[in-house]
Amino acid sequence: MARHWIFDFDGTLVHSEAAITQCFQRITQKLAPHRLDVAKNVLIGPPLRQTVAEILGDPEHSLIDEFVSNFIRMHDDDVLNHTTAYPSAHETLASLHQRGDKIAIATNKRLAPTIKILQHFNWDKFFIFVECSDSEVIMRDKHQMIKTIVEKDNDFKGAYFVGDTVGDGLSANSSNLPFIKANYGYGRTEG
């Protein structure tokens, strides 16, 4: 019997923490050096604007747009040089796909770098749906992305959600999906 899976991306299938952290630190050093300690310790995984607001210390900070723009340019140019697949990720996805399971992604990562990475690892063939925070005109959270996947294919209503953070678990819970926690991911230190 085929099963259905929705995966988070960063911290669950790929390890891109170094690239993301380096970008946050470089931009913070340039725009708000007094906030560098925050940038060094910020959780990777929440949406970009939310993380930038946390780094800058204010969700209405005047430098958010400039910070986000710098991050997109810096990160996307170098994403493949600093992103690796977690051990067994390829084998797991290939096995699920081969046995006929349906697989989707719901990630706070933006669409452009997500597609770039999926194509680089030759994983794009495994996923029926790839929902990113910016896949639609209005930015969405994980719960909304999961809802979109279920609306596209009702079979995902009973999918397993695999993620690495408390936020992923809360999104699975609010979507009435069983949650499988990737303990090796970025949320490993969360309580």
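Residue numbering note: each chain is counted from 1, following its sequence as written. Totals for whole chains, interfaces and linings use every residue, but because this is a predicted model, local features are given only for residues with pLDDT of at least 70 and side-chain atom pairs only at 80 or more, for both listing and counting. Just so you know, side-chain values use all the structure's heavy atoms and leave hydrogens and water out.

### Details of the side chain of Asp 10
Numbering of helices and strands starts at the N terminus; helices are DSSP runs of H or I of at least 4 residues and strands are runs of E of at least 2. Note on placement: Asp 10 falls in the loop between β1 (4–7) and β2 (14–15). Every residue in contact with Asp 10, bar those within four places of it in the chain, is listed here: Ser 16, Ile 20, Thr 107, Lys 109, Asp 164 and Tyr 186. Contacts were defined at the residue level, with two residues in contact if any of their heavy atoms lie within 4.5 Å.

### Examining unusual backbone geometry
The phi dihedral of Asn 122 is positive, around 60°, even though this residue is not glycine. Tracing the backbone through its elements, the reader meets Asn 122 in the loop between α6 (111–120) and β5 (129–132). Its identity as a non-glycine residue notwithstanding, Asn 176 has a phi of 60°, on the positive side. Residue placement: Asn 176 occurs in the loop between α8 (166–174) and β7 (179–181). Exposed residues in this analysis have more than 50% of their type's maximum accessible area, buried residues have under 20%, and partly exposed residues fall in between, with area computed by a 1.4 Å probe over protein chains only. Owing to a relative accessible area of 67%, Asn 176 belongs among the exposed residues under this scheme.

### Observations regarding the sheet that holds β7
Read from one edge to the other, the open sheet built from five strands follows the order β5-β4-β1-β6-β7, with strand pairing classed as parallel. Edge positions in the open sheet fall to β5 and β7, since each of these has one partner strand only. In this sheet, adjacent strand axes meet at a mean angle of 20° when their direction is disregarded. Being paired, for any two strands, means DSSP has found at least two bridges between them. In the sheet, β1 pairs with strand β4 (residues 102–107) via four bridges, with the strands oriented parallel. Along β4, the bridge assignment pairs Phe 7 with Ile 105. For helices, the fitted axis covers only the stretch in contact; all axes are lines through C-alpha atoms, and the angles between them, taken along N-to-C directions, range from 0 to 180 degrees.

### Thoughts on the packing of helix α1 (residues 17–31) against helix α4 (residues 64–78)
The contact between α1 and α4 brings their axes to 10 Å, and the two run at 135°. Classified by the angle their axes make, α1 and α4 are oblique. Between α1 and α4 the crossing geometry is right-handed. Residue-level contacts link Ile 20, Cys 23, Phe 24, Arg 26, Ile 27, Thr 28, Lys 30 and Leu 31 of α1 to Glu 66, Phe 67, Asn 70, Phe 71, Met 74 and His 75 of α4. When the residues that make up the contact of α1 with α4 are grouped by side-chain class, the tally is eight nonpolar, three polar and three charged. Roughly parallel refers to an angle under 35 degrees, roughly antiparallel to one over 145, roughly perpendicular to one between 65 and 115, and oblique to any angle outside these ranges. Two helices that cross are described as forming a left-handed crossing if the nearer one is turned anticlockwise from the farther one by less than a right angle, and a right-handed crossing if clockwise. Under the scheme applied here, ten amino acids are nonpolar (Ala, Val, Leu, Ile, Met, Phe, Trp, Tyr, Cys and Pro), four are charged (Asp, Glu, Lys and Arg), and all others, including Gly, are polar.

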